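One-letter residues, chain by chain:
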Amino acid sequence: MKLPLPARIPIIYGILMVLILVGVLPLYFYATNVVETNRDRLQRNEKILQNTVTATLAEDIAQRGKEIRSKLGDLAYAIVVTSGGSLERARVQAPALKGLLQNSTSTADFGIPLARLVNPENQYIEATAGQAVHDAFLEKELIRGLDAAEHLREYNGGAIAVGSGKTSRTVMVVSRPVVDQDQNYLGAIELVVDLDYLIQKLSDAADRDLEAFVVDQSGRLVASASPQYATGQDMTSNELVKSFVEQGANSRISVTKDYKLQVGKNMVPMLGTYDPVPGLGWAVVAQKPREDAYADVIDMQHDAVRFAMIAIAFSILIGIWAARRLTTPLSVLTHSSRAIAGGDFSQRVRLKSRTEFGELAQSFNSMTDDLERYVADLNKKAEENRELFLSSIQMLAGAVDEKDPYTRGHSDRVTRYSVLIATEMGLTEDTIDKIRISAQLHDVGKIGIEDRILKKPGALTPEEFEVMKTHTTKGAAILRPVEMLREMLPGIELHHESLDGRGYPHGLKGDQIPLMARVIMVADTFDAMTTNRPYQAAMDPEYVIRIINSLAATKFDPIVVAAMTKVFESGKLRIHRAATVSGEQAAAASNAVITTAEPV
């Protein structure tokens, strides 16, 4: 409705303008000055914190490396003394030498699960602490360590993961030659060092909300407390790690920088620091999202805004007190308008005044009445449009089903089964709703298949089957222009894909197939096998469930199959049992599912 323009500007506007100029501008300049003064200081403190954490970790790791090398030197010396300067042949098997190795694995302050002494004839003895850690990768590292020792060089190997499951651990191999006083090679001593101590140190950094890990000079992961990274993983996609690798042997000082990190599909602004570890060629990296790193800055800005708002409110209160009754109507109007702006259209301005404020309140209430009716009408129309949309989808799917007497009601059943499976899997209501629509329309592409193929009473020829397979892409092409159905297209186009890559239309594998399509393909197969088709008789539902379970992890997603099985066993999914088919028919039908010989 049109409201009449006021004949004059109320004096209240002038009062408010003065209040804003007097109250807001000084506060704005004050808040800006405070924020600018303290922002750099807070950012600098965060960088100092990261530098302190990485420097401490780097020093701890370097110190631990020195201790390990010192222990290795002491052990080599003890071996020379104990062996009398010779480890040839059977002398390497001496019990005293075995005792030295055993003592080194059992008394170390750090984990040494394996110690090995090798003589020039490549005969060796070894001692282990706890369960043996042998595997192929470790043996290769031990060979590299031996080769370095034979060339009278010390060796610090890279981090490798050994074992599996709960017994998995990250270790590294260190070795040095055993030589006599004349530096003649007597043999090699090799230690396998457990890097669990390093992971514990990195875990402590998490208490400060920092993600910390260690990389070697090539940018591969040495250790991390986070399960999302694997030992040996290439971390050079991280800009901070890449910077360390590019510095190479020149890297001597810590570096702190802002950069962006790919997390999923998003580029997340980060603040990170790396600190080189002396003597090992490693670097300790600590990072956190910039939003978290500068949280104090953001809080300070929010506090400044809150303080400014409080001061503004105080100024307005003083103005209200000074303006007496002139400002009271304005406060009432402001309160009511804010409530209405927040969506509460039941709010009305309770103001009785013979001034222009009374006229404004009356006009405002009339406008709110119109808005409330308009919003109610919009909500009603939106619900009607949704119902019309869903009904149109159901009618379209029904029209497709009616083209083939064998698939009458197929889309409705597949929709019901898909919703039951998705609900059992605990998916969100929004996701379930998308699956419901996609399942209802999953065979809409059959509207573009010739009736002579679609209604053929027997098995299709290979050429006919190739035509029938196009119903997935036809359906997606038909519905792609409809913006509201854009998110439902994967279930329509890809519900005949297979986890092993033998499906169609694109031969996708595993997680390449969207969850929506993986749900619909199980529901679609179940309905196809429990209803009569030209190429097979309806089978017993329990038998079909067994067939579907046998194809889990090859054709179907095991999680979806498990949900389908649970729904069936709980009795939520009830259908009329078909007459049990013969063994030959069942086998043929099972093979049809496995090879995707017929579309369902």
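Residues numbered from 1 in each chain as written. Predicted model: local features only at pLDDT ≥ 70, side-chain atom pairs only at ≥ 80, totals over all residues. Heavy atoms only, no water.

Trainee: Just checking my understanding: could you explain the packing of aromatic side chains for this structure?
Mentor: The geometry of two aromatic rings is summed up by the distance between their centres and the angle between their planes. Using the criterion set out here, one finds five aromatic pairs in the structure. Between the aromatic rings of F465 and Y504, the centroid separation amounts to 6.2 Å while the plane-to-plane angle is 90°, which identifies the pairing as edge-to-face. One end of the pair, F465, is in helix 13 (residues 462–468); the other, Y504, is in the loop between helix 15 (489–493) and helix 16 (515–529), with 39 residues separating them in the sequence. Grouping residues by exposure puts F465 and Y504 together as buried. Taken together, the ring pairs connect Y417, F526 and F568 into an aromatic cluster. Cation over ring: R64 sits above Y197, and NZ or CZ is 4.3 Å from the ring centre. (Phe/Tyr/Trp six-rings, centres within 6.5 Å; stacked < 30°, edge-to-face > 60°. Helix = DSSP H or I, 4+ residues; strand = E, 2+ residues; numbered from the N terminus. Buried < 20%, exposed > 50% of the residue type's maximum accessible area, 1.4 Å probe, protein only. Lys NZ or Arg CZ within 6 Å of the ring centre and 35° of its normal.)

Trainee: Explain the packing of helix 10 (residues 410–424) against helix 18 (residues 558–570) to me, please; I cannot follow it from the model alone.
Mentor: Helices that pack against each other are described as a pair by the angle of their axes relative to one another and the distance between those axes. For the pair helix 10 and helix 18, the least separation of the axes is 9 Å and the interaxial angle reads 105°. As summarised for this structure, helix 10 and helix 18 are arranged roughly perpendicular, according to the angle between their axes. Listed contacts from helix 18 to L420, I421 and E424 of helix 10 are V560, A563, M564, K566 and V567. Here the residues of the contact of helix 10 with helix 18 are counted per class, giving six nonpolar, no polar and two charged. (Axes fitted to C-alpha atoms, helices over the stretch in contact; angles between N-to-C directions. Parallel < 35°, antiparallel > 145°, perpendicular 65-115°, else oblique. Contact = heavy atoms within 4.5 Å. Nonpolar A, V, L, I, M, F, W, Y, C, P; charged D, E, K, R; others polar.)

Trainee: I'm lost on helix 3 (residues 136–150) in this one. Help?
Mentor: For the α-helix, the turn length of 3.6 residues means that residues three or four positions removed from each other point alike. Compared with the 21 Å implied by 1.5 Å per residue over 15 residues, the 21 Å span of helix 3 between its first and last C-alpha is a close match. Among the residues of helix 3, those classed as buried are L138, E141, L142, G145, L146, A148 and A149. Down the axis of helix 3, the buried side of the element spans an arc of 160°, and every buried residue falls inside it. Structural note: helix 3 exposes A136, F137 and I143 on the side pointing more than 90 degrees away from its buried face. A side-chain oxygen of the first residue of helix 3 lies 3.3 Å from the backbone nitrogen of F137; this N-cap is D135. (Expected span 1.5 Å × (residues − 1). Arc of directions from axis to C-beta. Polar contact = N/O pair within 3.5 Å; in protein donor to acceptor, adjacent residues only side chain to side chain.)

Trainee: Would you take a moment to explain the pattern of salt bridges for this structure?
Mentor: Side chains carrying opposite charge are able to pair once their charged atoms draw close together. All chains considered together, the criterion is met by 24 salt bridges. A salt bridge links E141 to R144; the nearest nitrogen and oxygen atoms lie 2.6 Å apart. Note that E141 and R144 are positioned in helix 3 at a spacing of three residues, about one turn of the helix. You can call E141 buried: its relative accessible area is 6%. (Salt bridge = Lys/Arg side-chain N within 4 Å of Asp/Glu carboxyl O.)

Trainee: Which parts of the structure should I look at to understand the pairing of strand 6 (residues 185–194)?
Mentor: Where a strand is regular, its side chains alternate between the two sheet faces. Of all ten residues making up strand 6, nine are buried, and the element is well covered by its neighbours. Pairing geometry for strand 1 (residues 114–118) and strand 6, over five bridges, is antiparallel. By the bridge assignment for strand 6, R116 is matched with E190. Looking at chain direction, strand 5 (residues 169–179) and strand 6 are connected through nine bridges and run antiparallel. The residue bridging R176 from the neighbouring strand is I189, located in strand 6. (Pairing = 2+ DSSP bridges.)

Trainee: How do you make sense of helix 14 (residues 471–479) when you look at a structure like this?
Mentor: If you check which residues of helix 14 are buried, you get H471, T472, G475, A476 and L479. Viewed end-on, helix 14 has its buried residues packed into an arc of 135°, placing them on one side of the element. Buried residues belonging to helix 14 abut helix 13 and helix 15.

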